Amino acid sequence: MPLKSSVSSALGLVLVTATAIGAFAFQWVPGKKLLLGCSADETTAIRLFYNNESDYFHFPLIFRAVEQRDPRLNTAPMVAEGRTVYISQTEMQSLLRGLAQLDLPWQESKKLETLGSFKRLRPWSDSMEILVACSKGTARVKVDPKKICEILKPLDSALKTPRALWEFQRFRLNYGCQVSGFQYGAYPNH
């Protein structure tokens, strides 16, 4: 009887220790592995969405990478998913690295997700959601609306395509962020 009891206690201790180590490791770098492991190709999408209780619907802003010769580069059409900005693969990699450097509690999953129509999104939300979907899985985080400006501003440096930077800054202006030198009429087809 005592041998069986000590084996059970030892196994219990090993299980508790392994669980604690696993939980600590997940909290230590939540979501960073997926963000840094996503390919900067056409399978990767980054969606920013926050719709406060204003008088109109704020469409999600989506970034997609294309090759340098792709005619969609430096365009931002409205499609079923939302306002889709086409950026270079280098920009996508920089954007993914920039997101990974933010001190945010990312939740990651190996589940593959497609963005789908913006019509399926909750019309009003109490936080902005950033979603990264790629061939390796999905990472998402909720951002306090009061922190949208300070969290998103450092990502300006990742965007070199003029239309992408303009759309990103315009997105932030919707939430009261200050963007010095922004030219409202630069893209009248917005």
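Refer to the structure above for everything that follows.
Presented here is an overview of the structure given in this document. Everything numeric in this text was worked out from a predicted model, so none of it was measured.

In any sheet, the strands associate via hydrogen bonds between backbone groups, in a parallel or an antiparallel arrangement. The sheet built from seven strands is open, its strands ordered β3-β4-β2-β1-β6-β7-β5 with mixed pairing. The strands lining the two open edges of the sheet, one partner per strand, are β3 (78-79) and β5 (107-109). Examined bridge by bridge, β5 and strand β7 (residues 137-143) share three bridges and lie antiparallel to one another. Counterpart to Ser109 in the pairing with β7 is Thr138. Relative to strand β4 (residues 82-88), helix α3 (residues 89-101) is tilted by about 110°, and along the sheet it contacts β1 (45-49), β2 (61-66), β4 and β6 (128-134).

So, on to the environment of Arg163. Topologically, Arg163 is positioned in helix α5 (residues 162-173). Arg163 sits in the buried class, given a relative accessible area of 4%. Separated by 77 residues in sequence, Arg163 and Tyr86 have C-alpha atoms that sit 8.6 Å apart. The contacts of Arg163, once residues within four sequence positions are left out, are Asn74, Thr75, Ala76, Arg83, Tyr187, Asn189 and His190.

Before going further, it helps to examine the nonpolar core. Membership of the largest hydrophobic core comes to 39 residues, with the highest contact counts inside it found for Ile46, Phe63, Leu99, Trp106, Ile130, Val132 and Leu152. Residue contributions to this core peak at five residues, all from α3. Excluding residues within four positions of it along the chain, Leu99 makes contact with Leu35, Ile46, Trp106, Ile130, Val132 and Leu155. Ranked by size, the runner-up nonpolar core spans five residues in total, among them Ala45, Ile62, Leu115 and Leu131.

Further remarks concern the pattern of salt bridges. As enumerated under the stated definition, the model contains ten salt bridges in all. Across the salt bridge formed by Arg69 and Glu67, the nearest N and O atoms sit 3.3 Å from each other. When the shortest N-O distance is used, the salt bridge between Asp70 and Arg72 registers 2.9 Å. Given the relative accessible area of 18%, Asp70 is considered buried. Given the relative accessible area of 33%, Arg72 is considered partly exposed.

A few words now on the state of the cysteines. Per the stated rule, a full pass over the model turns up two disulfides. Bridging Cys38 to Cys134, the disulfide has an S-S length of 2.1 Å. In this structure, the disulfide formed by Cys38 and Cys134 twists by about -65° around the S-S bond and is classed as left-handed. Here the residue Cys38 occupies a position in the loop between α2 (32-37) and β1, and Cys134 occupies one in strand β6, the gap between them amounting to 96 residues. The buried category is assigned to Cys134, whose relative accessible area is 5%.

For α5, which comprises twelve residues, the first-to-last C-alpha distance of 16 Å matches the rise-based estimate of 16 Å (1.5 Å per residue) to within 8%. The secondary structure elements touched by the buried residues of α5 are β1, β2, β4, β6 and α4 (148-152).

What counts and how
- Residues numbered from 1 in each chain as written.
- Predicted model: local features only at pLDDT ≥ 70, side-chain atom pairs only at ≥ 80, totals over all residues.
- Heavy atoms only, no water.
- Pairing = 2+ DSSP bridges.
- Helix = DSSP H or I, 4+ residues; strand = E, 2+ residues; numbered from the N terminus.
- Contact = heavy atoms within 4.5 Å.
- Axes fitted to C-alpha atoms, helices over the stretch in contact; angles between N-to-C directions.
- Buried < 20%, exposed > 50% of the residue type's maximum accessible area, 1.4 Å probe, protein only.
- Core = buried A, V, L, I, M, F, W, Y, C linked by side-chain atoms within 4.5 Å.
- Salt bridge = Lys/Arg side-chain N within 4 Å of Asp/Glu carboxyl O.
- Disulfide = S-S within 2.5 Å.
- Expected span 1.5 Å × (residues − 1).

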